[in-house]
Amino acid sequence: GDSVTQTEGLVTVTEGLPVKLNCTYQTTYLTIAFFWYVQYLNEAPQVLLRSSTDNKRTEHQGFHATLHKSSSSFHLQKSSAQLSDSALYYCALPDSGYNKLTFGKGTVLLVSP
Amino acid sequence: DMKVTQMPRYLIKRMGENVLLECGQDMSHETMYWYRQDPGLGLQLIYISYDVDSNSEGDIPKGYRVSRKKREHFSLILDSAKTNQTSVYFCASSLGHQDTQYFGPGTRLLVL
C-alpha cells in the first residue's frame, strides 16, 4: 500500500539556521498532489505547501519544497528558522487505493533562541 | 470565508455514555473526514464521507459510526464510549482527495 515516511520525530534547530524536514513516499499513483501541513500548538492542521509538478520548487511562508519523483521525496526546507516555526509538520499524499490522504507520522520542529 | 466548525470544543464523558461530535462546513465540499490525533500516532482516519449518505470506513473505524444527512454537516458518534477513545478529534473537508483539506478546530474528548 501507499506510505509516507517522515524519518525524524523531532528536529531541533537554533533560530536563524537552516532546517530540513525529510519526507519520502511510496505510491502507485501516476499524477498526484503532495502536501505539507503544519499544526501549531493547540491549533488545527493547516496546509503549508501543495505541489504536483516534478522538480518544481514550491514556496510559502518562507518554506520551500521540491517534488522529486525520481527519488520519491518531498523534503521541506527553510533557510532561516524562526521561533514561530516551532510546530508539528505532516507530509501527506493521496492514497492510490482509497479516496483519502495518507499522512506521515509527523515531525515536531523546535526552534530555540 | 472558508470555515470548518466543530462542536463541542471540549467534552468530558463517563465510560459507557454515548458521544456525539458535530462538524459543519460552509464550502459545499463533497468530501468530509473524521480523524483522531494521539501523541506519537499522528492523524488517524476514522471515516470518510463522499456525500450525503455515502460514507466509508477509514483506518480505525471500530467503535465509531458517522452520519451525514446534509452536505454541510457530518457527525461522529461513539456508542458507549471507552476510555481509550480519549483523544483529540478533528473534522476536515475537501473538494476531493487530491485537494487541500480544511480542518476544524478540534474537539478534545476525555472519557473517564
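Check the entry above for the structure.
What this report covers is the structure whose coordinates are included nearby.

### Here's the deal with the overall build of chain B
- Within chain B, the regular secondary structure consists of 0 helices and 11 strands.
- Taking 2.2 N^0.38 as the reference for a compact globule, 112 residues should give roughly 13 Å; the C-alpha atoms of chain B span a radius of gyration of 13 Å, in line with that estimate.
- Dimensions of chain B, computed from C-alpha atoms along their principal axes, come out at roughly 35 × 30 × 25 Å.
- Out of the 112 residues in chain B, the part that is buried amounts to 49%.
- The long-range fraction of contacts in chain B, counting pairs at least 24 apart against all pairs at least 6 apart in sequence, stands at 54%.
- As displayed, chain B has an accessible area near 5,400 Å², and 51% of this comes from carbon and sulfur atoms.
- The distance from the centre of the 13 positive side-chain charges to the centre of the 13 negative ones in chain B is 8 Å.

### A short note on the state of the cysteines
- Counted under the stated rule, the structure contains 2 disulfides over all chains.
- At a sulfur-sulfur separation of 1.9 Å, the disulfide partner of Cys23(A) is Cys91(A). Between Cys23(A) and Cys91(A) the sulfur-sulfur dihedral comes to about -65°; the bridge is accordingly left-handed. Note that Cys23(A) is positioned in the loop between strand E3 (19-21) and strand E4 (24-26) and Cys91(A) in strand E10 (residues 87-94), a separation of 68 residues in sequence. Considered together, Cys23(A) and Cys91(A) belong to a single accessibility category, that of buried residues.
- The residue that forms a disulfide with Cys23(B) is Cys91(B), at a sulfur-sulfur distance of 1.9 Å. Around the S-S axis, the bridge from Cys23(B) to Cys91(B) shows a dihedral of about -70° and counts as left-handed. Here the residue Cys23(B) occupies a position in strand E3 (residues 19-25), and Cys91(B) occupies one in strand E9 (residues 87-94), the gap between them amounting to 68 residues.

### Quick look at the sheet that holds strand E1 (residues 4-7) of chain B
Residue and element names in this part refer to chain B.
- With antiparallel pairing, the 4 strands of this open sheet are ordered in space as E1-E3-E8-E7. The open sheet has two edge strands with one neighbour each: E1 and strand E7 (65-70). Averaged over all adjacent pairs, the angle separating strand axes in this sheet is 20°, with direction ignored.
- When E7 meets strand E8 (residues 73-78), the two strands line up antiparallel, connected through 4 bridges.

### Notes on the pairing of strand E2 (residues 10-14) of chain A
All names here are of chain A.
- What you see with E2 is a clean split: Val11 and Val13 sit on the buried side and Leu10, Thr12 and Thr14 on the side with no burial.
- Where E2 lies against strand E12 (residues 107-112), 5 bridges are found, and the strand directions are parallel. Across the sheet, Val11 pairs through a bridge with Leu109, a residue of E12.

Conventions used here
- Residues numbered from 1 in each chain as written.
- Chains lettered and ligands numbered in written order.
- Predicted model: local features only at pLDDT ≥ 70, side-chain atom pairs only at ≥ 80, totals over all residues.
- Heavy atoms only, no water.
- Helix = DSSP H or I, 4+ residues; strand = E, 2+ residues; numbered from the N terminus.
- Rg over C-alpha atoms; globule rule 2.2 N^0.38 Å.
- Buried < 20%, exposed > 50% of the residue type's maximum accessible area, 1.4 Å probe, protein only.
- Contact = heavy atoms within 4.5 Å.
- Areas by Shrake-Rupley, 256 points an atom, 1.4 Å probe, with all protein chains shown as cover.
- Lys, Arg positive; Asp, Glu negative; His and termini not counted.
- Charge placed at Lys NZ, Arg CZ, Asp CG, Glu CD.
- Disulfide = S-S within 2.5 Å.
- Pairing = 2+ DSSP bridges.
- Axes fitted to C-alpha atoms, helices over the stretch in contact; angles between N-to-C directions.

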